[in-house]
Number of protein chains: 2
Amino acid sequence: MRAAPPPLAGGTSGAEALRPLLDTVLDALHDGARARGGPLPPGGPEAVVARVAALGAVLPEHGTDPHEALRTLVHAVAEGAADPAHPLCAAHLHTPPLALAVAADLAASALNPSMDSWDQAPAASALEAEVTAALAAEVYPAAGRPDALVTTGGTESNQLALLLARERHGRIRTVVGANAHHSFHRAAWLLGLPRPVTVPTPEGTLHPAALAGALKGLDGPVLVAATAGTTDEGLIDPIPALADVCAAHGAELHVDAAYGGPVLFSRTHRHLLDGLDRARTVTVDLHKLGWQPAAAGLLAVRDAADLHVLGHTADYLNADDDTEAGLPDLLGRSLRTTRRPDVLKTAVTLRALGRAGLGALVDACMERAQDLADLVEKSPALELRARPTLTTVLFRPVTAAEPTDGATSAGSADGATPTEAAGATPTEAAGATSTDEDLAAIRRTLLAEGHAVLGRAGADGRLWLKATLLNPHATPGDLARLITLVEGSTHR
Amino acid sequence: MRAAPPPLAGGTSGAEALRPLLDTVLDALHDGARARGGPLPPGGPEAVVARVAALGAVLPEHGTDPHEALRTLVHAVAEGAADPAHPLCAAHLHTPPLALAVAADLAASALNPSMDSWDQAPAASALEAEVTAALAAEVYPAAGRPDALVTTGGTESNQLALLLARERHGRIRTVVGANAHHSFHRAAWLLGLPRPVTVPTPEGTLHPAALAGALKGLDGPVLVAATAGTTDEGLIDPIPALADVCAAHGAELHVDAAYGGPVLFSRTHRHLLDGLDRARTVTVDLHKLGWQPAAAGLLAVRDAADLHVLGHTADYLNADDDTEAGLPDLLGRSLRTTRRPDVLKTAVTLRALGRAGLGALVDACMERAQDLADLVEKSPALELRARPTLTTVLFRPVTAAEPTDGATSAGSADGATPTEAAGATPTEAAGATSTDEDLAAIRRTLLAEGHAVLGRAGADGRLWLKATLLNPHATPGDLARLITLVEGSTHR
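Model, not experiment: these values are computed from the prediction.

### Focus: the relation of the copies chain A and chain B
- Superposing chain A onto chain B takes a rotation of 180° plus a shift of 0.0 Å along the axis, which leaves an RMSD of 0.0 Å. Both chain copies can therefore be described as sitting about a two-fold axis. Scanning chain A for the C-alpha nearest the rotation axis identifies L191 of chain A, at a separation of 2.4 Å.
- Both copies contact each other with a shared surface, as 100% of the interface residues of chain A are interface residues in chain B too.

### Looking at the nonpolar core
- Of all hydrophobic cores here, the largest spans 216 residues; its most connected members are L29, V255 and V282 of chain A together with L29, V255 and V282 of chain B.
- Residue contacts for V255 of chain A: discarding those within four places in its chain leaves A226, T227, A228, I239, L276, A279, T281, V282 and T283 of chain A.
- Formed by 46 residues, the second largest nonpolar core is a distinct cluster that contains L191 and L299 of chain A together with V176 and L299 of chain B.

### Overview of the pairing of strand β5 (residues 252-257) of chain A
All names here are of chain A.
- Buried residues dominate β5, accounting for six of its six residues.
- Neither face of β5 is open: one carries E252, H254 and D256, the other L253, V255 and A257, and all of them are buried.
- Examined bridge by bridge, strand β4 (residues 222-227) and β5 share five bridges and lie parallel to one another. In the strand pairing of β5, A225 is matched with H254.
- Of the crossover connections in this fold, the one passing from β4 over helix α9 (residues 239-249) to the parallel β5 is right-handed.
- In this sheet, strand β6 (residues 281-285) lies alongside β5 in parallel orientation, the contact comprising four bridges. Within β6, the position partnered with H254 by the bridge is T281.

### Points about the environment of V176 of chain B
Residue and element names in this part refer to chain B.
- With respect to the helices, strands and loops of the structure, V176 is situated in strand β2 (residues 173-177).
- Overall, V176 belongs to the buried group, its relative accessible area being 0%.
- Other than its neighbours up to four places away in sequence, V176 contacts F184, H185, P196, V197, T198, V199 and A225.

### A look at the domain arrangement of chain A
- Structurally, chain A comprises domain 1 (14-80), domain 2 (106-354) and domain 3 (356-490).
- Measuring from the centre of the C-alpha atoms in domain 1 of chain A to the corresponding centre in domain 2 of chain A gives 36 Å.

### Here we look at the sheet that holds strand β11 (residues 462-468) of chain A
Residue and element names in this part refer to chain A.
- The strand order across the open sheet formed by four strands is β8-β9-β11-β10, and the pairing between neighbours is antiparallel. Bordering the open sheet on either side are β8 (382-384) and β10 (455-459), each of which pairs with just one other strand. On average, adjacent strands in this sheet sit at an angle of 40° to one another, irrespective of strand direction.
- By the bridge criterion, three bridges tie β8 to strand β9 (residues 392-397) in an arrangement that is antiparallel. When the sheet's bridge partners are listed, E383 is paired in β9 with R396.
- Across the face of the sheet, helix α13 (residues 436-448) comes into contact with β9, β10 and β11 while running at roughly 25° to β11.
- Here helix α14 (residues 476-489) sits on the sheet and contacts β8, β9 and β11; the angle it forms with β8, its principal contact strand, is near 125°.

### What to know about the pattern of salt bridges
- Inspection of the entire model under this criterion finds 72 salt bridges over all chains.
- With a closest N to O distance of 3.0 Å, D83 of chain A and R36 of chain A form a salt bridge. Pair noted here: D83 of chain A is in the loop between α3 (66-79) and α4 (99-111) and R36 of chain A is in helix α1 (residues 14-36), with a separation of 47 residues, a long-range link. Judged on exposure class, the residue D83 of chain A and its partner R36 of chain A are both buried.
- The shortest N-O distance in the salt bridge between R443 of chain B and D322 of chain A comes to 2.6 Å. You can see R443 of chain B sitting in helix α13 (residues 436-448) and its partner D322 of chain A sitting in helix α11 (residues 320-324), one on each of two chains. We note that R443 of chain B, like D322 of chain A, is buried.

Basis of the calculations
Residues numbered from 1 in each chain as written. Chains lettered and ligands numbered in written order. Predicted model: local features only at pLDDT ≥ 70, side-chain atom pairs only at ≥ 80, totals over all residues. Heavy atoms only, no water. Least-squares fit on C-alpha atoms with pLDDT ≥ 70 in both. Contact = heavy atoms within 4.5 Å. Core = buried A, V, L, I, M, F, W, Y, C linked by side-chain atoms within 4.5 Å. Buried < 20%, exposed > 50% of the residue type's maximum accessible area, 1.4 Å probe, protein only. Helix = DSSP H or I, 4+ residues; strand = E, 2+ residues; numbered from the N terminus. Pairing = 2+ DSSP bridges. Right-handed = clockwise from strand over helix to strand, strands pointing away. Domains from an automatic or database assignment. Axes fitted to C-alpha atoms, helices over the stretch in contact; angles between N-to-C directions. Salt bridge = Lys/Arg side-chain N within 4 Å of Asp/Glu carboxyl O.

This is how it looks when you write it as C-alpha cells:
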C-alpha cells in the first residue's frame, strides 16, 4: 500500500492543509527571531555556515515530515537572518516587508498562477493588467498610452530598457553617470552592446554640462541612463536639465528610479521627481520604498507601442488562432516564461493603503533619515557626508588625518582621487585613526558581532558608512543606539 | 497625530501580525475555490476581466484596510484561477504546489532575505549553497566539482547556458531540435547570438543522424541543446547518442531537462535520463515535476569553474576587501541583483520528502499518464498519439477525414506538412468533423465553459489535445471524467 501523496496548497481543501503548516512556520519565525536577538546572527559567515551544516543532509533518501522540516529550516533561516524589520539593519535597499503584502504573497504561492498564458492565470493576468496600467499612469500622468512590465527588480528593468533601445536603434551606446547602478554595465555585456560610457560624478549626481560634454564626442544612437535615487548616496540626478541635454543631442533618456520612484506616492516629496515623465522608460522597484517582499520590480514605458518588440509566439502558449479567438497573448509581457504573480501582493498593498498611506510611509522614512543626520551632526565623533535627499545617510568617524597616499579603498566608481577632509575636527583620542580600511573594518565588526548591519559607500574619494532607512517603525531611540554603536566601535 | 504604520512581517512581532491576516487569506482561498467550483472560471477572458474591473480602483487615494483588501483580491484571484490542484486542469507544465512548499515560501516573504550579499541573507545564502551542491550532485554524480545556480525557470536557465557558452567561445551557434523550447530562440536574440539552427524532428525527438548532418555543415563553435521532456509531447531526446555526435563534431552539449530532470529522483524511471551528465550544462525546473510554486529553476553545470565568467563586482555589495576579509561574494550566483530565496521552499521539500518521497510523486504522475493513455485507447471516439514517455498524453477525436489543403493551424514547429491520419476509424456521427480548427475550438470551449484546462500541441503535422499530468492526487475517475468531457465536446 503506497502512502498518500502530501496535500496540495490549492483546491477547496488547500486552505485547511495549509493552516497547521503555517502555524508551524509562524512559530518558527517567532522563535528564530527571538533566538537571534538582534539584527543579524553573531559570529560572521563561518558560524552561520556551521549552524546550517549541522542541520543534516539537505537531500536525504527518506524524508522527515513536513512539520519537522518546516520547523528546522525556517527556524534556522530566521535565526540566521539579517532582518530588515530590525531597526539596526539598515545597510541596503533591503526593505522590511509589510505583513499584509507577505500574507497576500501566500495566495500567489498557493494558487500558483503562471503569467505566461491566460489558461494558467485568468484573474491574475487581468489584475496585473489593471495594476500595471495604474502604476504606469503614476509615472506618466500625461501620456496617452503608458504601460509597465513586472520584473524581478531594477536589474531586469534596466536590462529591458537597454534591450528596447537596442531593438529601436541597433547597436546603441549607453551613457551613464559613475553614480549609476552596476546593472547597466552588466546589461550591456549581456545584450552584446558596447560598454557604457561613464561620465564622472564627483558631486554624486550627473551634471548636465558633463553629460553634454560626453554626448558631443559620440556618434550614433545613444541612451542616457539617469538615476533617481543613487545606490551610494540616495541622490537624484537633475532630471529636467538632463532631459533637455538629451533632447538637444537627440539622445533617449531612461531613468533608473528603482529606489526613488515610489516617492511619487508622497504629496510632500513628489516634486523631487519632476520631469520623470520625460524619460522614455523608467525603472521602479516596490521592494524598496514600497515595502514588498522581493520581487516587485517594474519597467514603465511612456508608450506601450515600445513593448511590441517583445512580442513572441510559442504555439502551446499563444497560437495565432487562440489569440484571434480572444485568448489574451501574455508572452510579450516578460522575457520569462513561467512567471509568479508578484503583482498580487502589490495590488493588496495599493488597495489597503492607497496612495496616501504609501506616501505616509515614504514621508516617515524620509523623516527618519533627517533625524539620523541630525544625530550625526550633533556627534563630535562623526562627520556627515551631506543632508539626505531620500532616506540614505552617509557618515564616518571624524579623523585626525586623512590618508594622502591615494591608496584608499573607497572604490568610488567615479575615480575621483581622495581629498582632504575639509573642516574635519580632530576630536578623537590620540592614536585613533579612521582610514578607509578602519572604517570598512568597523562595518565588518558590527556585522560579526551581530550588532548592526550598515552599508558602505565611496563618496568624495573616501569611504563612508551608509544607513539606508526603509523602516517606518524605526524610532529616534533606535537611531541613537545606532550612533552610539558606531561611536563605540571607533574607540577600540 | 499620524497613524501608526501598518505592521511588518519580520522581527519578533511579525508572526503575530501575520496570523490574523493569514486567516483572512486562507478563508478567501477556500471561499474563492468554492465559488469557482471547477478547474477554472466560466465565461472566458471577458467575464474574468469584468469581474476584476468591478472590484474598484486598484490605486485609490485612500486605502480600505488590510483584511478587506486581502479578502477581496485573494477571493477574486482564487475564484478566477486556473487551479492546477484541480485534476481537470492539465494543460501545461503548471504544477499544483505542495502545501508544505507553499508554507515554507511564506517564510521567504516574511524574512525577505536578498541573495545578492551576505549581509542581507546570512543563513539563506548558506542554505542555498548546500541545496545547489546537493542538486548538482544528483545531476552530475561522478563530477568532481559540479554546481548549480538558482533561476526563475527553464527560460533563464537556458539563457544562462547560452551565455556561458558565448563567454567560452564568442559568437557561438546554437543547434536545437524543432522540438526544443522556444526560449532558445529568444535567448539567442537577447544575447546577440546567431539565430539557432533548427533540426527537424518529425518523430518528436532529435535524431542523432539528423544532428550529425546539421553539424557537418557548420563552421565555428557550436552548442547543441537537447531536450529531456519536450514541451509538446514529453519526449526525451536520445541523450547518449546525441552526446556521441557532439563529441565527434567538437560541439558542446546542453540538455534542457526543465521538465524531465526531476525523474532523477525516481529509482524506477531515472534510467530515462542516462547520459544526462555528459552535458556541460543542464536545465531543471522544480516548479514542474517538483511541485514547487514558481519559481524554482536551476542550471546545473558539470564544472563550477564554468561559472566564473558571471563574476561581477559592485563595491556596495562585494568590495574586494570585504571578500578578502571573508564575506562571501554572492553577486556571481545570478544575473539578478535583489533575489528572493526561492531555495527555502525547495530545501523544506527535499528534507520533508527525501529522494524517495519525491520519486514516489514522480512515479504516481507517470502512472496517471499511462492510465489516461489506456482510457484514450479504449475510447472509440479518440485517437492516442503515442504511449507517454513522461506525463504528457496527446490525443484527438478520431476523424472521418483529415484536412488535405495544408491550411492546418497545428503550427508544428518542425514544419512538417499535415499527413493523412493513418488507421483512423470514422466512428463519429455523420457531419462531425475534426479538423485542427475544430480541435482548437473544442479546447477553447472547454476553457470558456470552465470545464477543463487542456493544452494543445502540434505533432505528426496535426493538432492534438494535450494533457500534462502533474497532479499526484488525480484519480482514474478524474481521468475518466476528462475523457467523457472531450468525447462530449466532439459531438456538438
